[in-house]
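Okay, here's what each chain looks like letter by letter:
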Amino acid sequence: LRAAAGVGGGLVQPGGSLRLSCAASGSIYSIITMGWYRQAPGKQRELVALITNGGHTTNYTASVKGRFTISRDNAKNTVYLQMNSLKPEDTAVYYCNTAPTPSDYWGKGTLVTVSS
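Going along each chain's sequence as written, the residues are numbered from 1 onward. Only residues with pLDDT of 70 or above have their local features reported here, since the model is predicted, and side-chain atom pairs are shown and tallied only from 80 upward, although totals for entire chains, interfaces and linings are computed over all residues. Calculation of side-chain values draws on the structure's entire complement of heavy atoms; hydrogens and water are dropped beforehand.

A. Representation of the pattern of salt bridges in the model. Here a salt bridge means any side-chain nitrogen of Lys or Arg lying within 4 Å of a carboxyl oxygen belonging to Asp or Glu. Taken as a whole and judged by the stated rule, the model has 3 salt bridges. A salt bridge links Arg38 to Asp90; the nearest nitrogen and oxygen atoms lie 3.0 Å apart. A residue pair is termed long-range when its members are at least 10 positions apart, and Arg38 in strand β4 (residues 34-39) and Asp90 in the loop between β8 (78-83) and β9 (92-98) qualify at 52 residues. Asp90 shares its class with Arg38; the two are buried. What counts as a helix is a DSSP run of H or I of at least four residues, what counts as a strand is a run of E of at least two, and both are numbered from the N terminus. Think of it in three bands: residues with accessible area under 20% of the maximum for their type are buried, residues over 50% are exposed, and the middle band is partly exposed, with areas taken using a 1.4 Å probe on protein chains only.

So, in structure tokens, the structure goes:
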């Protein structure tokens, strides 16, 4: 399985919203837990949210709970991240990959910048 580049990033003011999407290739996509990761400048990459293959179970890191929502469309091999009430500390490059253990392949991330 390979995740394509995430799309949907950009510059947004604090309190704003963005929706990221990421398409994956590979026949096993529909049976794999997927996640969104982010890497802020000078920090390690972290898992932000994950969603199981059927979409019934999701999990979020504490800092985004209640603000971010992960979803997936298995018919389109695509995983989404709806980000609301964005904060400056959400600024990072966002990636999708398998979760909770990422594959070795990291697609091109999408930059999210939250700034006034």
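There's more to say after this.
B. Highlighting the side chain of Arg72. The residue Arg72 is located in strand β7 (residues 68-73) in this model. Charged residues are defined narrowly, with Lys and Arg counted positive, Asp and Glu counted negative, and His plus the chain ends left uncounted. Here Arg72 occupies a buried position and makes no salt bridge, while the nearest side chain of opposite charge, Asp73, is found at 8.3 Å.

C. Expanded view of the packing of aromatic side chains. Centre distance within 6.5 Å is the pairing criterion for rings of Phe, Tyr and Trp, where only the six-membered ring of Trp is used; planes under 30 degrees apart are then read as stacked, over 60 as edge-to-face, and the remainder as tilted. Applying the stated criterion to the full structure yields 2 aromatic pairs. Their ring planes at 85° and their centres at 5.0 Å tell us that Tyr37 and Trp106 sit as a pair that is edge-to-face. Taken together, the positions of Tyr37 in strand β4 and Trp106 in the loop between β9 and β10 (110-114) put the pair 69 residues apart, joining distant regions of the chain. Given a relative accessible area of 4%, Tyr37 falls into the buried group. Judged by relative accessible area, which is 25%, Trp106 ranks as partly exposed. Taking the centre distance of 5.7 Å and the plane angle of 80° together, the rings of Tyr95 and Trp106 count as edge-to-face. Placement of the pair is Tyr95 in strand β9 and Trp106 in the loop between β9 and β10, with a sequence separation of 11 residues. Feature note: the residues Tyr37, Tyr95 and Trp106 constitute an aromatic cluster, connected by ring pairs. Each ring is checked for a lysine NZ or an arginine CZ that lies within 6 Å of its centre and within 35 degrees of its normal; such an atom marks a charge sitting over the ring. Between Arg19 and the ring centre of Tyr80, over which it is positioned, the NZ or CZ distance is 4.1 Å.

D. The pairing of β4, seen in detail. Extensive coverage of β4 is indicated by the burial of 5 of its 6 residues. As paired elements, β4 and strand β5 (residues 46-51) share 5 bridges and run antiparallel to each other. Directly across from Arg38, in β5, lies its bridge partner Glu46. Between β4 and β5, which pair antiparallel and follow one another directly, the connecting turn spans 6 residues, one of which, Gly42, has a positive phi of 75°. At least two bridges found by DSSP between two strands is the condition for calling them paired. By the bridge criterion, 6 bridges tie β4 to β9 in an arrangement that is antiparallel. Bridge pairing in β9 places Gln39 opposite Val93.

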